[in-house]
Amino acid sequence: MTFHHITRALAGGLFATVVLNAAPVWAAVSDYRFEVAEVKPAAAGKSDVSLRLIHTPDKKPVNGAVIFQVSADMGPDGMPTMKAPTKAMPASQPGLYVIEVEPGMAGNWALQVAAKVQGETETVHATLPVKLGK
C-alpha cells in the first residue's frame, strides 16, 4: 500500500468518525426571551398582559410554548411581598401569550413567567416589568 492510499484511507475513516459521532445540537434556554407586547385593561380591576416569546438567534416568535407558572409582585416599587392573582389565558394569536393580572393597586409590577418550549429540555424563565392600573 502506498503512502497516498494510506492517507486516503485514514482521511475517509476520520470523516466517517466525525459524521457518525456528531451529537445533535440543542438550543439553550438563553436563546429565548419574553417581551411585553401589550398591556390593556380587562374586566374590572384586571389587566391583560400580552407577551411575545422570541427565539433570539432568528428573531422569530415561538408558537406552541406552554406557560405553566405565572406570578406578579410589586418588587419594582419596593413592595415584593405585595402579590397579585395571575392566570395564563388562551393565546389571542400565534406567538402571543396572554396573562391576566388582578393588581390590588396601580403601580410597577414584576411579572414572572415560566414556559416550556417544544423540543427543549429546560424551562424558559423571565421576569418582566409592567405598569398596571391607572
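Residues numbered from 1 in each chain as written. Predicted model: local features only at pLDDT ≥ 70, side-chain atom pairs only at ≥ 80, totals over all residues. Heavy atoms only, no water.

Trainee: A description of the layout of surface pockets should follow, citing residues and the corresponding values.
Mentor: In this structure, the largest pocket spans a volume of roughly 220 Å³. Every residue lining the largest pocket is counted, 15 residues in all, and those nearest its centre are Pro41, Lys46, Ser47, Gly133 and Lys134. Elements supplying a minimum of two residues to the lining of the largest pocket: strand 1 (32-41) and strand 9 (123-132). For the lining of the largest pocket, a count of residues per class yields 8 nonpolar, 3 polar and 4 charged. (1 Å grid on protein atoms, 1.4 Å probe; cavity = no way out; pocket = protein on both sides within 12 Å on 5 of 7 lines; lining within 4 Å. Points joined across faces, edges and corners; volume = space filled by probe spheres on them. Helix = DSSP H or I, 4+ residues; strand = E, 2+ residues; numbered from the N terminus. Nonpolar A, V, L, I, M, F, W, Y, C, P; charged D, E, K, R; others polar.)

Trainee: Mind laying out the sheet that holds strand 9, listing which residues take part and the relevant values?
Mentor: One open sheet accounts for 4 strands, arranged 5-4-8-9; its pairing is antiparallel. Single-partner strands in this sheet number two, and they are strand 5 (79-84) and strand 9. The sheet shows a mean angle of 30° between the axes of neighbouring strands, direction not considered. Judged from the 3 bridges that link them, strand 4 (residues 66-74) and strand 5 form a sheet pairing that is antiparallel. By the bridge assignment, Met74 is partnered in strand 5 with Met79. (Pairing = 2+ DSSP bridges. Axes fitted to C-alpha atoms, helices over the stretch in contact; angles between N-to-C directions.)

Trainee: Before we move on, can you summarise the nonpolar core with the specific residues and values?
Mentor: Counting residues in hydrophobic clusters, the biggest one holds 25 residues, and the most contacted among them are Phe34, Leu51, Leu53, Ile67, Val101 and Leu111. For this core, the secondary structure elements donating two or more residues are strand 1, strand 2 (47-55), strand 4, strand 7 (96-101), strand 8 (107-116) and strand 9. Of the residues forming this core, the biggest block, 5 residues, is contributed by strand 9. Residues in contact with Leu53, not counting those within four places in the same chain, are Tyr32, Arg33, Phe34, Lys60, Pro61, Val62, Ala65, Gly95, Tyr97, Val117 and Val124. (Core = buried A, V, L, I, M, F, W, Y, C linked by side-chain atoms within 4.5 Å. Buried < 20%, exposed > 50% of the residue type's maximum accessible area, 1.4 Å probe, protein only. Contact = heavy atoms within 4.5 Å.)

Trainee: Explain unusual backbone geometry to me, and be specific about the residues and the numbers.
Mentor: For Lys59, which is not a glycine, the phi torsion comes out positive at approximately 60°. Note that Lys59 resides in the loop between strand 2 and strand 3 (60-61). Owing to a relative accessible area of 65%, Lys59 belongs among the exposed residues under this scheme.

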